[in-house]
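# Observations on the three-dimensional arrangement
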Amino acid sequence: TRSTRPQRLLTHVKQRARRGDAQSVITTIDDYCRAREWAMNVGDEKGSILDQVVCEVSPDVALELGTYCGYSSVRIARLLPPGARLLTVEFNHDYATIAREVIDWAGLQDRVQLLEGASGDLIPQLRQKHGIETLDFIFLDHWKDRYLPDTRLLEDCSLLRRGTVLLADNVICPGTPDYLEYVRSSPRYQSQYFSSHLEYTRAEDGLEKSVFLG
Ligand SMILES: O=C(NC/C=C/[C@H]1O[C@@H](n2ccc(=O)cc2)[C@H](O)[C@@H]1O)c1cc([N+](=O)[O-])cc(O)c1O
Ligand SMILES: [Mg+2]
């Protein structure tokens, strides 16, 4: 049977990116998705904004919702200080398998822990099962109708602390209207929109950065 898009992307990474070189993995994926076949990675333009926020926060514990092929896991993990870690949640076993190989190829497997399952099931397990007290940074890039319920769940599980930064992809395209309304109107968040473009296209999209105020 025909290979899947993530499988073709992984093959390209193994053929073109230098093992252990995270930047070459990022560049290789972006070149492939721009030139050969589009994929829903955060991409280079929004990825630069992601980098800037990760560097600013310099999280000890980061959570990513929606690993897909591991592109943003690599972007985030390559910027983490020594001893810091990224937990990334993926629901689809095939995607998780590809993502593990991409993260390994980038040499970042020691900083990234990929958890397979639904965010709604895994978030309540973070404290007991994964020793998380509170989270410093969260990147939301999974199903767009899960951004708001999962944010409420993070609140209810006391996983946010004063200053925790949430960064959400695709708040314009495909759009996350209920999430945007919530973080922009809630007195518990200070939100800021970073205008950009949908990965590898000229369509408008952007990232919403929301700081939890406690
Ligand atoms: O739909 C989009 N993203 C949905 C991502 C979903 C990912 O999150 C995982 N997940 C992990 C845990 C869960 O609980 C549920 C799903 C899914 O298994 C998938 O790997 C999207 C679409 C466009 N677009 O232009 O159409 C652009 C983007 O940047 C996007 O992110
Ligand atoms: Mg996205």
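In what follows, the structure referred to is the one given above.
For every chain, the first residue of the written sequence is number 1, and numbering continues from 1 onward in sequence order. Labels are handed out in written order, letters beginning with A for the chains and numbers beginning with 1 for the ligands. pLDDT decides what is reported in this predicted model: residues at 70 or higher carry local features, side-chain atom pairs at 80 or more are listed and counted, and totals for whole chains, interfaces and linings draw on all residues regardless. Only hydrogens and water are removed before side-chain values are computed, so all heavy atoms of the structure are retained for them.

### A few points about helix 10 (residues 177-185)
As a reminder, the rule being used: Only protein chains enter the accessibility calculation, which uses a 1.4 Å probe. A residue is then buried if its area is under 20% of the maximum for its type, exposed if over 50%, and partly exposed in between. Secondary structure counts use DSSP, requiring at least four H or I residues in a row for a helix and at least two E residues in a row for a strand, with both numbered from the N terminus. Working definition: the arc comes from the directions between the helix axis and the C-beta atoms, pointing outward to the latter. Any pair of residues with heavy atoms lying within 4.5 Å of one another is described as a contacting pair.
Within helix 10, the full set of buried residues consists of Tyr179, Leu180, Tyr182 and Val183. The buried residues of helix 10 occupy one face: seen down the axis, they fall within an arc of 165°. Of the exposed residues in helix 10, the ones pointing more than 90 degrees away from its buried face are Pro177 and Glu181. Where helix 10 is buried, its residues meet strand 4 (135-140), helix 8 (147-156), strand 5 (160-168), helix 9 (171-175), strand 6 (189-197) and strand 7 (204-212).

### A look at the sheet that holds strand 3 (residues 112-116)
Strand pairs in the sheet, formed through backbone hydrogen bonds, run parallel or antiparallel to each other. Going by this rule: Only strands that DSSP links by at least two bridges are regarded as paired with each other. Here an axis means a line fitted to C-alpha atoms, over the contact stretch when the element is a helix, while the angle between two N-to-C directions is reported on a 0 to 180 degree scale.
In space, the seven strands of this open sheet follow the order 3-2-1-4-5-7-6, with mixed pairing throughout. Each edge of the open sheet carries a strand with a single partner, namely strand 3 and strand 6. On average, each strand axis in the sheet is tilted by 15° relative to the strand beside it, whichever way the strands run. As paired strands, strand 2 (residues 85-90) and strand 3 are joined by five bridges and run parallel to one another.

### Some remarks on the site of ligand 1
Applied cut-off: The cutoff for a nearby residue is simple: one of its non-hydrogen atoms must lie within 4 Å of the molecule or strand. Polar contact is the term for a pair of N or O atoms within 3.5 Å; when the atoms are in protein, one must be able to donate a hydrogen and the other to accept it, and sequence-neighboring residues count only if both atoms are side-chain atoms. Where accessible areas are quoted, they stem from the Shrake-Rupley method and a 1.4 Å probe; at the residue level, only the protein chains shown are allowed to cover. Residue polarity follows a fixed list, in which Ala, Val, Leu, Ile, Met, Phe, Trp, Tyr, Cys and Pro are nonpolar, Asp, Glu, Lys and Arg are charged, and the others, Gly among them, are polar.
Around ligand 1 there are 21 residues in total, and Glu90, Ser119, Asp141, Asn170 and Glu199 lie nearest to it. Between ligand 1 and the protein, one listed contact pairs an oxygen atom with a side-chain N or O atom of Glu90 at 2.4 Å. Asp141 is positioned with one of its side-chain polar atoms (N or O) 2.9 Å from an oxygen atom of ligand 1. Against a free-state accessible area of 650 Å², the protein chains account for coverage of 86% of ligand 1. Its residues assigned to classes, the shell around ligand 1 shows 10 nonpolar, six polar and five charged.

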